[in-house]
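Single-letter residue listing:
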Amino acid sequence: MASLPNEQNQRERRQSSDHESFLSHKKMRWLKIALVLCLITVVSYFWVDVTPRHNGGSWYGYTLGTIGALLIVWLSMLGIRKRNFSAGRWSLKAWTSAHVYLGLALIVIGTLHTGFQLGWNVHTLAYALMMLVILSGIYGVAVYATLPASLSNNSREMTRGEMVEALAAIDRQLQAAAQPLGRDESDLVIEALAQSTFNWGIGARLSGHYRKCATNRALAYFADDWSRPAGSDEPKDKVRALLGRRKSQLDQIRRHLRIRALLEVWLYLHIPATIALLAALTAHVVSVFYYW
Amino acid sequence: MAFLIRTIDLTADGREIIRDREVAQEALTIGRAAENDIHLGDLAVEQSHARIEQTAGGKLRIEATGTLGFLLDGRVTKSGQIVPHEGAELGFGSYRLVISQNGDEAPTITISQTERAAQSSDDLAGFSLARTLPSKRATAWLALAAILALFLAVPIYSHLTRSAVSEGTSTRDGAVMMDASWSTGALSQAHHSLEDNCEACHAEPFKSVQDTTCLTCHQDIADHADKPRQLTGRGPLSKGDALQWAVAKQFGKEGPGSCTTCHTEHEGAGRMEPTAQQFCSDCHGTMDTRLTDTSLGNAADFGTSHPQLQAVLFTAPGQTKPERISLAGKPKEYSGLKFPHEMHMSRSGGVARMAGNLGTKAGYGSSLVCADCHTPTADEAGFLPVDMEEDCESCHSLVYDKVGTTFRTLRHGDVEQMRADLAALDRVPRSPAGSGILRGRQRPGQYSRGGLYYQNFGRPTRSLVSINRALSPNGVCGECHVPTTTNGKPDVMPVNLRNHFLSNGWFNHEAHTQEKCTTCHKADTSKSSSDVLLPPLATCRTCHMGEDDKTADVPSGCAMCHSYHPKGAAKNGTIARASPGGDKHPGLPNKDKQGINAVLAMLGRKSD
């Protein structure tokens, strides 16, 4: 019994030392495999003499096409695989590592499969979708590697709930502080309070530029009046101070939204494009054999 | 200093009860214990939770006294500073303490209890992009459905249900929709009219393009050789090829030797790609080891492995059939003509003067050039046969008599006629002044067609002698022809000039118009008509090397000069009529009556 905690410790230590990114999983085993795959493909492309020129319809083209199609199907199965956790050789991390590197190798395999013969047809549609999926995936890996740090920097140990709650607290005070204001001024405050934090378009989220921000507008109105000294307890000054706090809280939330959007947006391309690719791939393969 | 503490309670029916009390203290304690200044009855609040004290400048300082923090404007913290004029909100458990101050009044702490709603998941969902963008799943299904419908369902459905076509319907009737999206590339020029008519070649679903389909139009294409001989010549397939064909057979390909093995389509508009050299060299590179009886030399690459060119020529007097001779070394031919090219092409001498005298009106320059005698064919690929009357007689006049102002000319090519003409010459007496022709040479300026040309026909009274003189080596005939005797009578050797010299390849002069004739044909130095002026292989190789020789001026594959399909009855470029009972396309219009366009239009359409 006494050994049990010891073993547990060891295992924990081992697991924590195992904690490496999926990119460097097993000393980049899948990167090496993908590189070898690319190398074989490129060398054989120049070595195999296809006449009159390389295209998807030669025996070599069909071979690359078969490899590519199998890869695409397998890569797209990450969506199913990630919903089941398991450890070991085919842990999700290993799977993800292979997904990334074999996906990159697909650029070489897919492009050489085309023999650089592209046109306005379903075959090139499949190729274009494949490249779209891969490029969005590259973007995804890049932002996953860089952005989470800035996400936690920005949150300054606040949870998302706290950010929303903080904004609500400021709003409640703003509501109370704005009571003495006149019609026009309170309308400005109402507008700022009523404006949704989240119902903005993808452009605003990604860029962080909220051009129709009512809080900004209200702040601009109240900030115009510099006649009274700071710290005065005129209702307007209170509202101005609270609007300023609201603005900085909003900014934090918006920075968070921006980073989240940058982190998530590629999936909105990657996943539908993958499904579209599977459809185009089916059409590509069936059409080739239909008009065989 | 003091605080105003205002407590707001709710009665059971929702009415607010507000109690104010003033506490004259510098600091307040907050907690669940009853002795605190602000007593909050919530288990989430510690017995002694925090302490508020006034600091200099009217500010308030709040410190947590226990282990838990508190909410300051929604943010969890353990200490904080507040400007009461600006206001702040503190949160302890379910209690909310709003701090405010008006003017010089004491800071007010308003205490109310809220139902501490669990963080609404709706609030947090707003952080996700899902709020802004259409769901991934919906987009995916939509794209999936659109692509499968447009690029799969529509073409297949319209292919399977295309309407039956009878004669006279337009080409668009019964065509398959959206199958242009399946095309992997533009068709070659020759097949351009089939661009929107995929089913013409792809006759049946999931069945590879069959030879019989190609032969519907290209009916007169002949086989390269007998099938067994082809198989022997090819030899056994290499392991790789055998594997390839084994796989291809599984997918319904017809096998090596089918049309599509060599002719690939959809490689882009323009001319169909010539078949690669390798298709030929696979067999012809080492064919003598397999076809031991072949007369063909091995050929794998024009630059490095190609037999010497051979020309079909007559090589000896009296030959009735030409023979193929190698152009290596100094080959000799025997055409039966005496024609030194050098003398005719010389820039000085009698011939050049003659040309100069005939002058530009007659189309001559200061000396003879090739084109003065050799006329290209209409397509400029080759040359018309040299014609005595057209090409020689301007100088080599056969005028033998003058009656009044009219000249009498011997008919070329008919010895009997010449005999008769010359024999009749002396029957008509003429004045010596008028018969200048027979008086001897005159000034060369008068030499031209219809003009004067001296020939020694002999004296008029000795016509038989003159006939013999005409046929003698120095006579009018013997000047160009080789005299001989036929059935005891003087005659000339028959002339065997050939127009085509290559039997297994072709040569197109039009493609070589940038070159001077003498670059390849050494006519300007040839002193005898027995010289074969066709260039040997080495001359071709100064520009033409094998297909893979990238340094050559003209990398040349086999198909540049050779055709795989023997030149038979059908000429290139014309499409022969298909057999009425073509299996693949029953119900085609009557091809005898309709043009090829109608045939093309009907190809692949469903029949009635």
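What counts and how
- Residues numbered from 1 in each chain as written.
- Chains lettered and ligands numbered in written order.
- Predicted model: local features only at pLDDT ≥ 70, side-chain atom pairs only at ≥ 80, totals over all residues.
- Helix = DSSP H or I, 4+ residues; strand = E, 2+ residues; numbered from the N terminus.
- Buried ≥ 20, exposed ≤ 12 C-beta atoms within 10 Å, placed from the backbone.
- Axes fitted to C-alpha atoms, helices over the stretch in contact; angles between N-to-C directions.
- Parallel < 35°, antiparallel > 145°, perpendicular 65-115°, else oblique.
- Left-handed = near helix turned anticlockwise from the far one by under 90°.
- Contact = placed C-beta atoms within 7 Å.
- Nonpolar A, V, L, I, M, F, W, Y, C, P; charged D, E, K, R; others polar.
- pLDDT = per-residue confidence, 0-100.
- Pairing = 2+ DSSP bridges.

(A) Fine view of the overall build of chain B. If you tally the helices and strands in chain B, you get 16 helices and 20 strands. Across the 608 residues that make up chain B, the buried fraction comes to 25%.

(B) Geometry of the packing of helix H11 (residues 235–290) of chain A against helix H2 (residues 136–160) of chain B. Their axes nearest at 8 Å, the elements H11(A) and H2(B) cross at an angle of 15 degrees. Between H11(A) and H2(B), the angle is such that the two are roughly parallel. In the crossing of H11(A) with H2(B), the sense of the turn from one axis to the other is right-handed. Where H11(A) approaches H2(B), its residues Leu267(A), Tyr268(A), Ile271(A), Pro272(A), Ile275(A), Ala276(A), Ala279(A), Ala280(A), Thr282(A), Ala283(A), Val286(A) and Tyr290(A) are matched on the opposing element by Lys136(B), Thr139(B), Ala140(B), Ala143(B), Leu144(B), Ile147(B), Leu148(B), Phe151(B), Leu152(B) and Ile156(B). Partitioned by chemical class, the residues of the contact of H11(A) with H2(B) number 19 nonpolar, 2 polar and 1 charged.

(C) Looking closely at the confidence of the model for chain B. Residue and element names in this part refer to chain B. Of the residues in chain B, 83% have a pLDDT of 70 or more, and the chain-wide mean is 80. Contacts for the low-pLDDT stretch residues 429–463, under 50 throughout, to residues beyond four places or in other chains number 49 contacts. The low-confidence segment residues 569–594 (pLDDT under 50) makes 39 contacts with residues lying over four places distant or belonging to another chain.

(D) A look at the confidence of the model for chain A. Residues with a pLDDT of 70 or more make up 88% of chain A, whose mean pLDDT is 85. Confidence, expressed as mean pLDDT per element, reaches its minimum in chain A at helix H1 (residues 3–17) of chain A with 52 and its maximum at helix H3 (residues 59–76) of chain A with 93.

(E) Examining the environment of Ala27(B) more closely. Residue and element names in this part refer to chain B. You can see Ala27 is positioned in strand S3 (residues 27–31). The spacing of Ala27 and Phe3 is 24 residues in sequence and 8.6 Å in space, taken between C-alpha atoms. Discounting chain neighbours no more than four positions away, the residues touching Ala27 are Arg51, Ile52 and Glu53.

(F) Quick peek at the interface of chain A and chain B. Listed per partner, the contact involves 55 residues of chain A and 50 residues of chain B. Within the residue set of the side of chain A that touches chain B, elements represented by two or more residues are helix H6 (122–155), helix H7 (160–177), helix H9 (202–207) and H11 of chain A. The leading source of residues in the side of chain A that touches chain B is H11(A), at 22 residues. By residue class, the composition of the side of chain A that touches chain B is 32 nonpolar, 14 polar and 9 charged.

(G) View of the sheet that holds strand S4 (residues 38–39) of chain B. All names here are of chain B. Sheet architecture is open: 5 strands sit in the order S4-S3-S5-S6-S9, paired in mixed fashion. Whereas interior strands pair on both sides, the edge strands pair on one side only; in this sheet they are S4 and strand S9 (79–82). In the sheet, S3 pairs with S4 via 2 bridges, with the strands oriented parallel. Note that in S4 the partner of Gly31 across the bridge is His39.

(H) Broad picture of the pairing of strand S6 (residues 60–64) of chain B. Residue and element names in this part refer to chain B. Taken together, the 5 bridges between strand S5 (residues 50–54) and S6 define a ladder with antiparallel strand orientation. Within S6, the residue paired with Arg51 across the bridge is Glu63. The antiparallel hairpin formed by S5 and S6 contains 5 residues in its connecting segment, where Gly57 sits at a positive phi of about 80 degrees. In this sheet, S9 lies alongside S6 in antiparallel orientation, the contact comprising 4 bridges. Across the sheet, the residue bridging to Leu60 is Ile82, located in S9.

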